[in-house]
Amino acid sequence: MGWEEMQVRGYLEFVRTAQRYHGRPIFALFCGDKDAEGRSWCPDCVTAEPIVRKELHNLPDESVFIYCLVGDRAYWKDPNNEFRKNLKLTGVPTLLKYGTPQKLVEEECFKAELVRMLFTED
Amino acid sequence: SVQAHKEEDNPEKTMEMNGLTPVQDSYDYDLIVIGGGSGGLAAAKEAAKYEKKVMVLDFVTPTPQGSSWGLGGTCVNVGCIPKKLMHQAALLGQALQDSRKFGWQFTEEVEHNWMTMTESVQNYIGSLNWGYRVALRDTKVTYENAYGEFVGPHTIKATNKKGVEKLYTAERFIIATGERPRYLGVPGDKEHCISSDDLFSLPYCPGKTLVVGASYVALECAGFLAGLGLDVTVMVRSILLRGFDQDMANKIGEYMKEHGVNFIREFVPIKVERVEEGTPGILKVTAKSTTGNEIIEGEYNTVLLAIGRDPCTRKIGLDKVGVNINEKTGKIPVNDEEQTNVPYIYAIGDILQDKLELTPVAIQAGRLLVRRLYAGATTKCDYVNVPTTVFTPLEYGACGYSEETAVEKFGEENIEVYHSHFWPLEWTVPSRDNNKCYAKIICNIQDNERVVGFHVLGPNAGEVTQGFAAAIKCGLTKEQLDGTVGIHPVCAEV
C-alpha cells in the first residue's frame, strides 16, 4: 500500500487526523489559508507547495501526508496560536515528520534535496 | 626547456614531494572525513565552503548495553550537551530549595522525574542530529552512516549497519574518530555496568548509583545525579581530576562530600554481579583496596564507569596506510599542522597525542587545517591558554597553568599566587556556604607579573572564565587586572 494524503484545516482537525493514523509514518505540510482563487496569503507557501508535492512519490509505503491550512494571516501572527504553542511551529511553510524533531522550515522547504531527505531517510 | 622536459617525464615525483600519491584516475573525493563529531563536521563544512568534494563517514558502534545515537559525535549526543542540560536540571533543583527563602511558597515537596528530563534532552539532541544532516546536505557534503577504515593508499572501505561495503578514494583524509569509554576489564563490567554513552538516554531512573572513576566525567555525572536526589557514591582509585590543579580538585571533592556524595577512596572494583533483575535491578560490586588487602562489597542499582576514554584508532586500518599511532595509548602523534606521518592523512580532536580533548579545540583545529589546505591560510591552531570548565555541583573554570605546573615551569620563587574566597550574593539569603567559592590567579613575577593561570570555583564558572581567557591571551598582567574596575555585585568582580 503506497501513501495517502489528507487535507485538513485548523489545529483541532490536524490533531484528530494525526491521532487517527497513529502508528504510521506521518508527514505534514503547514501552509497559510488560501483565498477563493486558491492563492495563499503566505508567499513562501506558494513557492514551497509544488516543490514538496513533486517529492511526494518518495514517501515510504504506509505513510500519511497531511496537508494542513493553519488559518488566516491574523491567526498565524498571534504568538499564542495553537500551532505555535503546542506544535512549536515557528513559521510557515513548515514540513515535518510528526513525532520526531525532523522538520524543514520556510526556505528549507524550497530545496528538493532536503525534502527528499526528510521523506526517505531515517 | 630541458628542465621542463625532465619534470614532464616524472610528474609522479613532483606530486610525491607535495604529499600526494599519484593515481591514474582522479579520486572520488577531494577530502574524506572519518568521524562526524565536533572536529569532523567543522572540517567538512569548512571544506565545502571552498567548493571541495567532501564526504563524511560517521558510525556509532553500539555500547555493550545497546545504546547508539545519531550524527554529531560525542559532544552533541553523549557528552557536553546532555551533560550540561542534566547539570542544569540539578541546579534547578537547588534553586527550587533556595527559592523558599526568597519568598516562593509551594506546599508540595518537589520531586524529580528522570524520564521527563531524559525525553526532553533526547528530543533536543535529535533536533541537533537533524540540523547537522540538513547542514551537510545543504552544503553538498556527502554523508554516509557507515564505518570507515583504510584498506590501501588513498582508499577507504565504508560498511553500513546492514553490512553493505563500498570503497571510496580521496586525495586527502582527516581522521576524527574520537574516543569511547574504557571498561575495567573485570568480570561483569560489560554485562552489567553502564558508561556515559548509556547514561544520557537511560530509559529508567538509575537509582542508587556507584560511579567508578575520578575524571571530570565521573565527578560531573556523580554531581548531577546527586543533585537530582539520587544516592550516589564515587569510587576513586587515587586522586581526583588528574591533570587539573590539585588544590582546586580537592575543594571540588570536599564540596561534593559535604553535599551528599559519598566517596570511597583508594579502592578499585574487581567484580560486578547481578543480584536482582529489573530496570534498574540490583548489582553487587566487590572492590579491593589499592593500599592493602581489604575487600569491600556494596549493592547499587546502577554502576557507571567513568575511568577514562580510549581513542578509536585501533580498528580503522591505519596499519594498511602506515599511519603511526602510540601503541600504548592509541593516540595519533601529529605535527603542529595536524599532519600524521603520512602526508595526505591528517587527524584532529580527542585522538591527538598531547593535545586537549575539548570540542572547541577540535572545531578550531579542523577549520584552520582546512583553511590551510584549501584557502592558502597559514594560521595554526593555538593550543596554549585554552580555557575549560568542569561542571561539577560547584563549577570550576580554569585557563592556563595549574599551580603545580607553574611551579614546575617557572620555579616556586618566581610565581606569586593571589587568591580569595568569596560568597556569591545569591547564596546569602538562602544561607548557602559562605566559604566555598574561591578564585586564584598565578602570576609570573619575572614577566611583569603576567597572569599565567586563572582558576575560579563558583556558580557560572564557565561564563566567568571565558572573558578572562581572552584577557590572558592578550597578555594580562596583575597590574592590568587590578586596574580593571569590577562589576558589582557579581562573582567575577573578585
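Residues numbered from 1 in each chain as written. Chains lettered and ligands numbered in written order. Predicted model: local features only at pLDDT ≥ 70, side-chain atom pairs only at ≥ 80, totals over all residues. Heavy atoms only, no water.

## Points about the overall build of chain A
Stated formally: Where helices and strands are cited, they refer to DSSP runs of H or I of at least four residues and of E of at least two residues respectively, numbered from the N terminus. All radius of gyration figures rest on C-alpha atoms, and the globule criterion is 2.2 Å times the number of residues raised to 0.38. Note on exposure labels: buried denotes an accessible area under 20% of the residue type's maximum, exposed denotes more than 50%, and partly exposed covers the range between, all computed with a 1.4 Å probe on protein chains only. When checking whether two residues touch, look at their non-hydrogen atoms; a contact exists if any pair is within 4.5 Å. Only the protein chains shown count as cover for residues, with accessible areas throughout obtained via the Shrake-Rupley method and a probe of 1.4 Å.
On a plain count of helices and strands, chain A comes out with five helices and five strands. Each helix (α) and strand (β) of chain A, taken in turn from the N terminus, gives the series β-α-β-α-β-α-α-β-β-α. Rg of the C-alpha trace for chain A: 13 Å, near the compact-globule value of 14 Å for 122 residues, within the 12% margin. When its C-alpha atoms are laid out on the principal axes, chain A stretches across 40 × 30 × 25 Å. Looking at chain A as a whole, 47% of its 122 residues are labelled buried. In chain A, the proportion of contacts linking residues at least 24 apart, taken out of those at least 6 apart, comes to 63%. Accessible surface computed for chain A: about 6,300 Å², of which carbon and sulfur atoms make up 50%.

## Digging into helix α5 (residues 112–120) of chain A
Where α5 of chain A is concerned, the buried positions are Leu114, Val115, Met117, Leu118 and Phe119 of chain A. The secondary structure elements touched by the buried residues of α5 of chain A are β2 (26–31), α2 (43–55), β4 (94–97) and β5 (103–105) of chain A together with α6 (114–138) of chain B.

## Section: the domain arrangement of chain B
Residues and elements named next belong to chain B. We apply this condition: Annotation comment: domain bounds sourced from an automatic or database domain assignment. Buried area counts how much accessible surface, traced with a 1.4 Å probe, disappears from two parts once they are put together, with both parts' losses summed. For this document, the term salt bridge refers to a Lys or Arg side-chain nitrogen within 4 Å of an Asp or Glu carboxyl oxygen.
Its domain assignment divides chain B into domain 1 (29–178 + 312–375), domain 2 (182–307) and domain 3 (395–483). Taken over C-alpha atoms, the centre of domain 1 sits 31 Å from the centre of domain 3. Contacts between domain 1 and domain 3 engage six residues on the former and six residues on the latter. The largest per-residue losses of area from domain 1 upon contact with domain 3 belong to Asp98, Lys101 and Phe102, which jointly make up 68% of the total buried on that side. Our enumeration of links across domain 1 and domain 3 arrives at one salt bridge. For aspartate 98, the salt bridge goes to arginine 432, with nearest N and O atoms at 2.9 Å.

## Structural notes on the sheet that holds strand β8 (residues 194–195) of chain B
All names here are of chain B. Stated formally: Strand pairing is defined by DSSP finding a minimum of two bridges between the two strands. Note on geometry: axes are C-alpha line fits, over the in-contact stretch for helices, and angles between N-to-C directions span 0 to 180 degrees.
With respect to topology, five strands assemble into an open sheet ordered β8-β15-β9-β10-β11, the strand pairing being parallel. Two strands lie at the open edges of the sheet, namely β8 and β11 (262–265), each paired on one side alone. Contacts from helix α9 (residues 216–227) reach β9 (209–212), β10 (232–236), β11 and β15 (302–305), with the element oriented near 165 degrees to β10.

## So, the environment of threonine 100 of chain A
Residue and element names in this part refer to chain A. Operational definition: Any pair of nitrogen or oxygen atoms within 3.5 Å is treated as a polar contact; in protein, a donor-acceptor pairing is required on top of that, and neighbouring residues in sequence qualify only through side-chain atoms on both sides.
Summarising the element assignment, threonine 100 is placed in the loop between β4 and β5. With a relative accessible area of 32%, threonine 100 lands in the partly exposed category. Along the sequence, threonine 100 and arginine 9 sit 91 residues apart, while their C-alpha atoms lie 22 Å from each other. A distance of 2.9 Å separates a polar atom in the side chain of threonine 100 from the backbone oxygen of lysine 97.

## Quick word on the packing of helix α3 (residues 38–49) of chain B against helix α12 (residues 359–374) of chain B
The angle between the axes and the distance between the axes are what describe a pair of packed helices. All names here are of chain B. We count it as follows: Angles below 35 degrees are treated as roughly parallel, those above 145 as roughly antiparallel, those between 65 and 115 as roughly perpendicular, and all remaining angles as oblique. Take the far helix as the reference: if the near one is turned anticlockwise from it by less than a right angle, the crossing is left-handed, and if turned clockwise, right-handed. Under the grouping applied here, Gly and all other residues not named as nonpolar or charged are polar, the nonpolar ones being Ala, Val, Leu, Ile, Met, Phe, Trp, Tyr, Cys and Pro and the charged ones Asp, Glu, Lys and Arg.
At a minimum axis separation of 8 Å, α3 and α12 run at an interaxial angle of 30 degrees. Judged by the inter-axis angle, α3 sits roughly parallel to α12. Of the two elements, α3 crosses α12, and the hand of that crossing is right-handed. Where α3 approaches α12, its residues Ser38, Gly39, Ala42, Ala43, Glu46 and Ala47 are matched on the opposing element by Thr359, Ala362, Ile363, Gly366, Arg367, Val370, Arg371 and Tyr374. For the contact of α3 with α12, the per-class residue count stands at seven nonpolar, four polar and three charged.

## Quick word on helix α15 (residues 461–473) of chain B
Residues and elements named next belong to chain B. Note the cut-off: Given the number of residues in a helix, its expected span is that number minus one, multiplied by 1.5 Å.
In this model α15 runs 18 Å from its N-terminal to its C-terminal C-alpha over 13 residues, within 8% of the 18 Å that 1.5 Å per residue would give. Against β18 (388–390), β19 (396–400), β22 (450–457) and α16 (478–482) lie the buried residues of α15. Following α15 by one or two positions, glycine 475 has its phi on the positive side, about 90 degrees.

## Here's the deal with the interface of chain B and chain A
Counting from both sides, the interface comprises eight residues of chain B and, opposite them, twelve residues of chain A. Here chain B packs against chain A, burying approximately 1,000 Å² in sum over the two surfaces, 55% of which is carbon and sulfur. The largest per-residue losses of area from chain B upon contact with chain A belong to Trp130, Arg133 and Arg137 of chain B, which jointly make up 65% of the total buried on that side. Where chain B packs against chain A, one counts four salt bridges. Between glutamate 121 of chain A and arginine 137 of chain B there is a salt bridge, with the nearest N and O atoms lying 2.6 Å from each other. The interface formed by chain B and chain A contains five residue pairs in polar contact (both at pLDDT 80 or more).

## Considerations on the state of the cysteines
Residue and element names in this part refer to chain A. For clarity, the threshold we go by: Throughout, a disulfide means two cysteine sulfur atoms within 2.5 Å of one another.
Summed over all chains, the structure comprises one disulfide over all chains. Each disulfide pairs two cysteine sulfurs, and for cysteine 42 the partner residue is cysteine 45, the sulfurs being separated by 2.4 Å. Judged by the sign of its S-S torsion, about 80 degrees, the cystine formed by cysteine 42 and cysteine 45 is right-handed. Judged by its relative accessible area of 1%, cysteine 45 falls in the buried class. Here cysteine 68 is not disulfide-linked; the sulfur of cysteine 31 is the nearest cysteine sulfur, at 8.8 Å. Overall, the relative accessible area of 0% leaves cysteine 68 in the buried class.

## With respect to the pairing of strand β5 (residues 155–160) of chain B
All names here are of chain B. Most of β5 sits inside the fold, with five of its six residues counted as buried. For strand β4 (residues 146–152) and β5, the ladder comprises six bridges, and the chain directions are antiparallel. Bridge pairing links tyrosine 147 to threonine 159 in β5. What sits between the antiparallel neighbours β4 and β5 is a turn of two residues, in which histidine 154 has the positive phi angle 60 degrees. Relative to strand β6 (residues 165–175), β5 is paired through five bridges, and the arrangement is antiparallel. What sits directly across from threonine 155, in β6, is threonine 169. Hairpin connection of β5 to β6: four residues between the antiparallel strands, including glycine 163 at a positive phi of 90 degrees.

## With respect to the UniProt feature "binding site: FAD" (unreviewed entry) in chain B
Residue and element names in this part refer to chain B. Heads up, the condition is: UniProt positions are given in the numbering used here, feature names are shortened, and annotations may be inferred rather than shown by experiment.
On the UniProt side, "binding site: FAD" (unreviewed entry) is annotated at positions that read Lys84, Gly148 and Asp350 here. These residues run over 267 residues, and the two farthest C-alpha atoms among them are 30.2 Å apart, placing them at more than one spot. Structurally, glycine 148 can be placed in strand β4. Leave out the neighbours within four places in its chain, and glycine 148 touches Ile34, Leu57, Lys157 and Ile316. On the secondary structure map, aspartate 350 appears in the loop between β17 (345–347) and α12. Here aspartate 350 is in contact with Gly178, Glu179, Lys331, Glu357 and Leu358, once residues within four sequence places are set aside.

## A closer look at the pattern of salt bridges
All names here are of chain A. Here the structure, examined in full by the defined rule, presents 36 salt bridges over all chains. Between arginine 116 and glutamate 55 there is a salt bridge; the shortest N-O distance is 2.9 Å. With arginine 116 in helix α5 and glutamate 55 in helix α2, the pair connects residues that are 61 residues apart, well separated along the chain. Residue glutamate 55 is classed as buried on the basis of its relative accessible area of 7%.

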